[in-house]
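The primary structure of each chain is shown beneath.
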Amino acid sequence: MRNTLWNLLGEGLPMLAALISIPLLMSAVGIERFGALTLIWTLLGYLSLLDLGLGRSLVQVVAERLGHHRPGSEREDSGVVGIAGPAIAMMSGIGLLTGGAMALSSGFLTTLFHVESGGSTVEEVRVSLLLAAAIVPIALMSVGLRGISEAHQRFRPISLVRMAVGMLNYLGPLCILPFSQSLVPVVGAIALGRLVGLIAYGVLAVQQMPDLLRPHRWGRPSLRGLFTMSAWMMLNNLVGSVMLYADRFILFSLVPAAAVAFYTTPFELLIRLIVISGALSLALFPLASGLFRRDPSALGRILDAGGHLTLGVFLLIQTGVFVGGETALSLWLGPSFAANSTLVLSVLMLGALFNAVAYVPHTLIHSIGRVDVTARLQMAQFPIYLVVLWLLAERFGPIGAAAAWSLRAAIDSGLLLVLLPRLVPGTRSAAITVGVRTLLAGAAGLAGLLIGGTQGLAVSVIGFLVVGGAVVVRLRRLRPWDRLSLAFSPQQPSAHGDRRSGKRLRGGSAPSVIDRTIADRL
């Protein structure tokens, strides 16, 4: 829970800094320069993902080895560092190649940005792109170094660094404005913030693995497993991104642009809420990877706890959307927009509920190294989804597109919950419980939308309350958070009790160092 909250802070505070700084930057540097700056931000975001899946794969492999071997042992140190060091070096090389390609094409990219010729802005954008090219290897190396700390579940310092870098990304340029309105020092401030982040991630990583600075001690471990997983991870990310944005392109080809806004606006609003599930999955991923070899049954407890917690949170959000969604849209964007977008928002909310719950089994499948399962699943869904999306959008417009997306999210969530017990024994009971309650929550929302009016709203809210009550009872009765602390059974009885609480674990033996660490982090 603590790790999840830190992850949310790491995402939330930079977003708040963006809300504050963007209007000030826009008015200070002008629309043209600010437009170029937003494109640079976007370009950096996409290029930072070109790590060939190595970043996420590195977290899984390192966390798994940390859980498999005794901490501090020579076998663990050589094996983990021998994989982490070459992987980070390779990511740095990819960053240098990508940044070099961006630098060489800076003139071409400046032309694509449609900057007015004949002024100083053209040269500003070109030089700014050269600075942005230098950020790319820094960003990719930071991903690798951050992965070391994620595998060790050091989410508090990671989030502090992410908060600092994210806020410098938006507030740093504001510090430049009293001295210059040129785009070059603005991007330079962003580069400085990324460099500070790289140094901080490096310090954290070296604290966990001092041998990262000693390449001669890396050894020669096999990297085949890491490369195989990273390839599937890259394919998984690619197909997932295409599926995420396919609806907009299809809608643009079928309906007027104004009608597309009735779909994209609530979609962008809800997709931001998925950061809650993302924060939880980020905390669960290294934990599950480390526990899988030691205690596979722990993944059932993780699914039980994480699935029900996610379901409970999004049931509250869904109830709020059904009850006050139209009022909120009306206050935000006007009554006319709300009249056309409220039903789309409610239908998309059904899909957001399934999508959020799906994050937990999706994360657990990735944590055991079976990224190929989710990649194959997405590739199988992709052509069917496109056909259904086209048919429903063509006939019903934005509401049809929302229905297609929500239907795919529901099917994807169900398939993941069905596949997980086949891959990890001991998760079947939790998968059935989480799946049935998620299905009942979705059915209650769908029934209310079909009935319509006040009566339909009452049906949905009553259904949400019933399922929500069952979720609360489940979490209180099973106390899965406490049971997760037992996942690492001590090898030998400790002579010291838990210094923090003075109590011993069930069975009379005192918790080991690992037990106390996992319990504290949970």
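Residues numbered from 1 in each chain as written. Predicted model: local features only at pLDDT ≥ 70, side-chain atom pairs only at ≥ 80, totals over all residues. Heavy atoms only, no water.

Digging into the overall build of the chain
Rules: Where helices and strands are cited, they refer to DSSP runs of H or I of at least four residues and of E of at least two residues respectively, numbered from the N terminus. Contacts: residue pairs with any heavy atoms within 4.5 Å of one another. Each accessible area value is a Shrake-Rupley result obtained with a 1.4 Å probe; residue values ignore everything except the protein chains displayed when judging cover.
Scanning the chain for helices and strands turns up 19 helices and 0 strands. Taking as baseline every contact in the chain between residues at least 6 positions apart, the subset at least 24 positions apart corresponds to 81%. Only carbon and sulfur atoms are counted for the fraction: they give 66% of the accessible area of the chain, which is about 24000 Å².

Considerations on a nonpolar patch on the surface
Definition in use: Excluding any residue in a salt bridge, patches collect residues exceeding 30% relative accessible area, merging like charges within 9 Å and nonpolar Val, Leu, Ile, Met, Phe, Trp and Tyr side chains within 5 Å. Salt bridge, as used here: a side-chain nitrogen of Lys or Arg that lies within 4 Å of a carboxyl oxygen of Asp or Glu.
Taken together, the side chains of L9, L13, L16, I20, L24 and M167 define a hydrophobic patch exposed on the protein surface, amounting to about 490 Å² of accessible area. When residues in the nonpolar patch are grouped by element, the largest group, 5 residues, is from helix α1 (residues 2-29). Relative to the elements of secondary structure, L9 occurs in helix α1.

Description of the environment of M163
Summarising the element assignment, M163 is placed in helix α7 (residues 155-176). Between the alpha carbons of M163 and G197 there is a distance of 9.8 Å; along the sequence they are 34 residues apart.

Thoughts on helix α12 (residues 298-333)
Cut-off, in case you're wondering: One less than the number of residues in a helix, times 1.5 Å, gives the span that helix is expected to have. One axis fitted to the seven residues ending at a residue, another fitted to the seven starting there: the angle between these axes is the bend at that residue.
For α12, which comprises 36 residues, the first-to-last C-alpha distance of 46 Å sits more than 12% below the rise-based estimate of 52 Å (1.5 Å per residue). G324 marks where α12 bends most, by close to 70°. Backbone geometry just after α12 places G334 at a positive phi near 105°.

Quick notes on the side chain of S142
When you line up the elements, S142 lands in helix α6 (residues 120-151). When neighbours within four sequence positions are excluded, S142 is seen to be in contact with L198 and Y201.

Digging into the nonpolar core
Rules: By nonpolar core we mean a set of buried residues, namely Ala, Val, Leu, Ile, Met, Phe, Trp, Tyr and Cys, connected to one another through side-chain atoms within 4.5 Å. The rule is simple: take the accessible area with a 1.4 Å probe, protein chains only, and divide by the maximum for that residue type; under 20% is buried, over 50% is exposed, in between is partly exposed.
Counting 45 residues, the largest nonpolar core has L251, Y263, L311, F314, L348 and M349 as its most contacted members. Of all the elements in the fold, those that place two or more residues in this core are α9 (224-254), α10 (257-273), α12, α13 (335-367), α14 (371-396), α15 (398-423), α16 (428-451) and α17 (453-478). At 12 residues, α13 tops the list of elements feeding residues into this core. For Y263, the residues in contact, after removing those within four places along its chain, are D247, L251, V344, L348, P398, A401, A402 and W405.

Here's the deal with the packing of α13 against α16
Going by this rule: The angle between two axes is taken between their N-to-C directions and runs from 0 to 180 degrees, where each axis is a line fitted to C-alpha atoms and a helix contributes only its stretch in contact. We call two directions roughly parallel when the angle between them is under 35 degrees, roughly antiparallel when it is over 145, roughly perpendicular when it lies between 65 and 115, and oblique otherwise. Each residue is assigned to one class: nonpolar for Ala, Val, Leu, Ile, Met, Phe, Trp, Tyr, Cys and Pro, charged for Asp, Glu, Lys and Arg, and polar for all the others, Gly among them.
Running from N to C, α13 and α16 point in directions that differ by 175°, and their axes come no closer than 10 Å. Between α13 and α16, the crossing angle belongs to the class labelled roughly antiparallel. Mapping the contact onto sequence places L343, S346, V347, L350, L353, F354 and V357 in α13 and V434, T438, L439, A441, G442, G445, L446 and L449 in α16. Classifying every residue of the contact of α13 with α16 gives 11 nonpolar, 4 polar and no charged.

Let's talk about the packing of α13 against α15
Selection criterion: Here is the rule for handedness: rotate from the far helix to the near one, and if that takes an anticlockwise turn smaller than a right angle the crossing is left-handed, while a clockwise turn gives right-handed.
With their axes 8 Å apart at the nearest point, α13 and α15 run at an angle of 20° to one another. Our classification of the angle between α13 and α15 gives roughly parallel. Judged by the twist between their axes, the crossing of α13 over α15 is left-handed. Of the residues in the contact of α13 with α15, the class split is 23 nonpolar, 5 polar and 1 charged.

Some words on the packing of aromatic side chains
Spelled out, the test is: In this analysis, rings of Phe, Tyr and Trp, with Trp reduced to its six-membered ring, are considered paired at centre separations within 6.5 Å, and the interplanar angle assigns stacked below 30 degrees, edge-to-face beyond 60, and tilted for intermediate values.
The final tally for this structure, using the stated rule, is 4 aromatic pairs. Look at Y263 and F267: their rings are 5.7 Å apart centre to centre, the planes differ by 20°, and that puts the pair in the stacked class. Residue Y263 and its partner F267 are both found in helix α10; the two are separated by 4 residues, about one turn of the helix. Given a relative accessible area of 0%, Y263 falls into the buried group. Its relative accessible area of 2% is what places F267 among the buried residues. With 5.2 Å between their ring centres and 80° between their planes, F267 and W405 make a pair best called edge-to-face. Of this pair, F267 sits in helix α10 while W405 sits in helix α15, and the two are 138 residues apart along the sequence.

Points about the environment of R194
Topologically, R194 is positioned in helix α8 (residues 183-208). Along the chain, R194 and G166 lie 28 residues apart, while their C-alpha atoms are 8.7 Å from each other. For R194, the residues in contact, after removing those within four places along its chain, are I135, I138, A139, V165 and N169.

What to know about the confidence of the model for the chain
Spelled out, the test is: As a per-residue quantity, pLDDT reports the predictor's confidence and falls between 0 and 100.
With 77% of its residues at a pLDDT of at least 70, the chain reaches an overall mean of 76. Across the chain, element-level confidence peaks in α16 with a mean pLDDT of 92 and bottoms out in helix α19 (residues 513-521) with 34. Across residues 70-78, where pLDDT falls below 50, the model places 11 contacts with residues more than four positions away in sequence or in other chains. Low pLDDT, under 50, characterises residues 484-522; the predicted model gives this stretch 58 contacts beyond four residues in sequence or across chains.

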